[in-house]
Amino acid sequence: MRLEIHQVKLPLRRVFAISRGAITEQESVIVELHDQGKTGLGEAVKSSYYGHDADTITAALQRIAPQLEAYEFTTPETLWDVIAPQLEDNYFALSALDQAAHDLYGKLHATTVYQRNRLSWRNVPQSSVTISLGPMEEVLREVESYADWPILKVKLGTPNDLEIVAALRQNTAAMIRVDANCAWSVEETIRNSQTLADLGVEFIEQPLPANAPESSKRVVYEESALPIIADESCQREHHVRECDGLFHGINVKLCKCGGLTPAFRMLREANVRGLKTMAGCMIESDVAISAAAQLVPLLDFADLDGAFLLASQPAQGVKLEQGNFSRPEGYGCGVTWDASLV
Ligand SMILES: [Mg+2]
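Parameters and conventions
- Residues numbered from 1 in each chain as written.
- Predicted model: local features only at pLDDT ≥ 70, side-chain atom pairs only at ≥ 80, totals over all residues.
- Heavy atoms only, no water.
- Donors = N, O, S within 2.8 Å, 3.2 Å for Na, K, Ca; no water.
- Helix = DSSP H or I, 4+ residues; strand = E, 2+ residues; numbered from the N terminus.
- Buried < 20%, exposed > 50% of the residue type's maximum accessible area, 1.4 Å probe, protein only.
- Domains from an automatic or database assignment.
- Contact = heavy atoms within 4.5 Å.
- Buried area = accessible area lost by both parts, 1.4 Å probe.
- UniProt positions renumbered as here; feature names shortened; annotations may be inferred.
- Pairing = 2+ DSSP bridges.
- Right-handed = clockwise from strand over helix to strand, strands pointing away.

With that settled, consider the coordination of the magnesium ion. Ligation of the magnesium ion by protein atoms is provided by Asp179 (OD), Glu205 (OE) and Asp231 (OD), these donors lying 2.1 to 2.2 Å from the ion. Donor residues for the magnesium ion sit on one chain with the sequence pattern D-x25-E-x25-D. Pair noted here: aspartate 179 is in strand β6 (residues 175–179) and aspartate 231 is in the loop between β8 (228–230) and α9 (238–243), with a separation of 52 residues, a long-range link. An identical accessibility class is assigned to aspartate 179 and aspartate 231; each is buried.

For the rest of this paragraph, the subject is the domain arrangement of the protein chain. Considered domain by domain, the protein chain is made up of domain 1 (2–115) and domain 2 (120–334). For domain 1 and domain 2, the distance between their C-alpha centroids amounts to 22 Å. Listed by partner, the interface residues are 41 residues for domain 1 and 54 residues for domain 2. Of all residues in domain 1, Arg13, Tyr50 and Tyr114 bury the most surface against domain 2, accounting for 19% of the area lost on that side.

What follows covers the UniProt feature "domain: Mandelate racemase/muconate lactonizing enzyme C-terminal" (unreviewed entry) in the protein chain. Mapped onto this numbering, the UniProt entry annotates "domain: Mandelate racemase/muconate lactonizing enzyme C-terminal" (unreviewed entry) at residues 136–227. For residues 136–227, the helix share is 48%, the strand share is 16%, and the end-to-end C-alpha distance is 26 Å.

Where a strand is regular, its side chains alternate between the two sheet faces. Burial analysis of strand β5 (residues 151–155) places five of its five residues in the buried class, which makes it a mostly covered element. Across the two faces of β5 the burial is the same, with Ile151, Lys153 and Lys155 and Leu152 and Val154 all buried. One ladder, built from three bridges, connects strand β4 (residues 129–131) with β5; its direction is parallel. Counted as the bridge partner of isoleucine 131 is valine 154 from β5. Following the backbone out of β4, through helix α5 (residues 136–145) and into the adjacent parallel β5, one traces a crossover that is right-handed. Two strands pair when backbone bridges link them, and β5 and β6 are joined in this way by five bridges, in the parallel orientation. Each residue of the ladder has a partner; that of valine 154, found in β6, is valine 178. Running through helix α6 (residues 161–171), the crossover from β5 to the neighbouring parallel element β6 is right-handed.

Structure representation (structure tokens):
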């Protein structure tokens, strides 16, 4: 196998802000995994929270590349078992490589990733679109521009969170979900949950910091008026078990857990445990979104609007229109890209 690594800058449609900062463009690393005349694609992007950027992801992949030259590819899962222990420090790089392995497998064996995983594209959930932080007038303008979207995910963690959601409720009939990105205390969460429930909010994503004591998470889990979904608290596979009894559901992201291989296992485990299942994304191109979209048949909630927030991008894959996914077409993850566009 041969690994090719490309660093790409993805321009955003507009400034994107959450409780931890704001960006106008995204650093991305797109990988091509070549074998037997076919090419698989994968992607990982910068995240200050998780401490990875294009250079650290590239360096980690370069460390693995020589070993892949002599590797005899059979399945993505076998490759993951070989590579994961070597990329303990960089699951973002592991995720890009694993996406490419799934895409490649599908192309070599003429199947889509979701079909290979015994899933069918029926009654799939719609995706939310994310409303970023900003002055109230800007937030309302953004909401207006998403008038046709059935579900909004609102980034919170400001001094006036409840006023923001109340103003949104006045201006939209869409389902509202909120993401506090670790910014609330136990008391705030319980208090806010009641008001947000009255405003018809569906759930709260990650109100407490990821490292909040278990006792705090348990109080929120038991007393919140709304379901609590773990994002920053549910990163890798063993976290699913740890979240059981402390959260009502988990938000799986490929970059956090190290790709599709563990993501399928996490969602299936969550199903067995009775946890709600969600998949999220970073702001990234159709390469990573089309990979994550293979999980959609397993989800209660989808939040895969990452590519929709871009002004332009070099890839073409699974599309989102007014929250509806196009059915993945083509083998593997159903994505193509044009390296000349970067
Ligand atoms: Mg989140």
